[in-house]
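Chain and residue survey
Given next are the chains, with one letter for each unit.
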Amino acid sequence: MRNRRASRRGTALAVVAALLAAAGCSAARSGDARPRSGTEHRTIRPVAGCGTASWTDPADLAADRAPARCAPRAPAARPLAQRRKLTLVTGTLSAEYVAPLQVAVDKGEFKAEGLDVTLRVLPTPDALPLLAKGDVDALWAAPEAAVMNGIRGGFDIKWVAGNFSPDPASKSGLWVKLTDGESAARVRMADRTMGTMIGKGSVIAYPMQRALARHGGGLDEIRYQQLGSADVLTALQNGGVDSAWLLDPVWRRVDGERGYAFLGGQPLGEPLGGMLYGPALLQDDVDAGVALLRAYIRTVDTYFTGDYKKDPDFVAYLAKLLKTDPTVLESTPSLRMDWEIRSGTVARLQSAYRAQGVAEGTDLPESETVDRALYEEAAGHVP
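Residues numbered from 1 in each chain as written. Predicted model: local features only at pLDDT ≥ 70, side-chain atom pairs only at ≥ 80, totals over all residues. Heavy atoms only, no water.

**Here we look at unusual backbone geometry**
- In this chain, Ala74 is followed by Pro75 through a cis amide linkage whose omega measures 0 degrees.
- The topology assignment puts Pro75 in the loop between helix H1 (2-30) and strand S1 (84-90).
- A cis amide bond links Asp248 with the next residue in sequence, Pro249, at an omega value of -10 degrees.
- Positive phi is not limited to glycine here, since Arg73 has a value of about 75 degrees.
- Looking at where Arg73 falls in the secondary structure, it is placed in the loop between H1 and S1.
- Of the residues examined, Arg73 reaches a relative accessible area of 43% and is grouped as partly exposed. (Helix = DSSP H or I, 4+ residues; strand = E, 2+ residues; numbered from the N terminus. Buried < 20%, exposed > 50% of the residue type's maximum accessible area, 1.4 Å probe, protein only.)

**Digging into the pattern of salt bridges**
- For the structure shown, the criterion picks out 20 salt bridges.
- A salt bridge links Arg65 to Asp338; the nearest nitrogen and oxygen atoms lie 2.4 Å apart. Remark: Asp338 occurs in the loop between strand S12 (336-337) and helix H12 (345-356) and Arg65 occurs in the loop between H1 and S1; sequence separation between them is 273 residues.
- Between Asp135 and Lys133 there is a salt bridge, with its nearest N and O atoms 3.3 Å apart.
- Overall, Asp135 belongs to the partly exposed group, its relative accessible area being 48%.
- Taking the relative accessible area as the measure of exposure, Lys133 reaches 46% and is therefore partly exposed.
- Taken together, the shared-partner salt bridges connect Arg73, Glu109, Glu113, Arg294 and Arg298 into one network. (Salt bridge = Lys/Arg side-chain N within 4 Å of Asp/Glu carboxyl O.)

**Re the environment of Trp140**
- Here Trp140 shows up in strand S3 (residues 138-141).
- Exposure remark for Trp140: the relative accessible area of 2% places this residue in the buried category.
- The spatial distance from the C-alpha of Trp140 to the C-alpha of Val121 is 9.9 Å, given a sequence separation of 19 residues.
- Sequence-distant contacts of Trp140, that is, excluding residues within four places in its chain, are made with Leu88, Val89, Thr90, Gly91, Tyr97, Val98, Leu101, Gly162, Asn163, Gly274, Met275 and Tyr296.
- Within the structure, Trp140 has its side chain in polar contact with the backbone oxygen of Tyr97 (distance 3.3 Å). (Contact = heavy atoms within 4.5 Å. Polar contact = N/O pair within 3.5 Å; in protein donor to acceptor, adjacent residues only side chain to side chain.)

**As for the pairing of strand S10 (residues 260-265)**
- For S10, the tally of buried residues reaches 5 of 6 residues, placing the bulk of the element in the interior.
- When strand S6 (residues 173-177) meets S10, the two strands line up antiparallel, connected through 5 bridges. Counted as the bridge partner of Lys177 is Tyr260 from S10. (Pairing = 2+ DSSP bridges.)

**Describing the layout of surface pockets**
- Space inside the second largest pocket adds up to approximately 370 Å³.
- Considering each element in turn, the lining of the second largest pocket owes the most residues, 4 residues, to helix H9 (residues 286-303). (1 Å grid on protein atoms, 1.4 Å probe; cavity = no way out; pocket = protein on both sides within 12 Å on 5 of 7 lines; lining within 4 Å. Points joined across faces, edges and corners; volume = space filled by probe spheres on them.)

**Notes on the sheet that holds strand S11 (residues 274-277)**
- The 5 strands lie next to each other as S2-S1-S3-S11-S4, forming an open sheet whose pairing is mixed. In this open sheet, the two strands that pair with only one neighbour each are strand S2 (115-121) and strand S4 (158-162). Neighbour to neighbour, the strand axes of the sheet diverge by 30 degrees on average, direction disregarded.
- With 4 bridges joining them, S4 and S11 adopt antiparallel strand pairing. Looking across to S11, one finds that Lys158 is bridged to Tyr277.
- Against the sheet, helix H2 (residues 99-106) engages S1, S2, S3 and S11, with an angle of about 140 degrees to S2. (Axes fitted to C-alpha atoms, helices over the stretch in contact; angles between N-to-C directions.)

Okay, structure coming up:
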């Protein structure tokens, strides 16, 4: 069985390598540095219910920035002339940040646009070559190192919408087990071991880099230990690792406990993931790409404004969709759902990947990795 799994893994890696090579050769033959986006030269019209609050300056990195919002039920659906089947891949269907997609399916928001959306679970490394080939239409993930390296190799993939930023009360992020004489304000992280279920190359490298810099460490000065989701907290508690990146709601288990300190998490007001499109929606059917984001934005505006967890009925509904316990959802603050992408985020991510030693080649400019045009069209904003 182990040999069979190893064989399948080797085959998958060979396929990814071949796709990267083919894409790189194609780009080199064309003489064009990167594939052009099909979103250029489209007409953007005002959208009812989406006024000045439906857009914020991408350069605004203020922690208290209010996320863009249209009125509830806006932008209104504009059904496609012909129904379109789309496959949207995500790494999980149980995490809270996936809730807008689950609600959009359940409430018929995608169907209202003429879209039959299938949510499929696949790890990002497995989904990337499928997205680049057009075998899947969109990926709900993040611009991780693998994504950047894929684009650099010739994949026509762009980050087209954000997902969320944390509530100021959230303590999802880097936790350390204090030694004698240390406190949250005085702890040195260099040469410590960090437990993480994600490993190198994840977007958490960026906030981790910021937290470590404040505590005498760096991404190249710690030792990583990749663990299963159920093992990260246990390893921190029993001394198997010195620090750990704890996600919602796991951090609640050590919050307030003596001997533990929270050193920092995802920057407030700055989404680090969301929707990634491949050629199917960037080039072949941009109308469907805009429609998918229009339904997503409408779902956020209708169901995820403010502190949505104040409504016990909605919490019970979400818990059922996500197949989790309502008390688990209620134990952490509401996420700040946010479809916009901040300026400079991909540059900061790539700097962190380089510090971890997982980036290839020179850094990619935002023009080759981000396309805000689709959500701007969906909300009626002329940049």
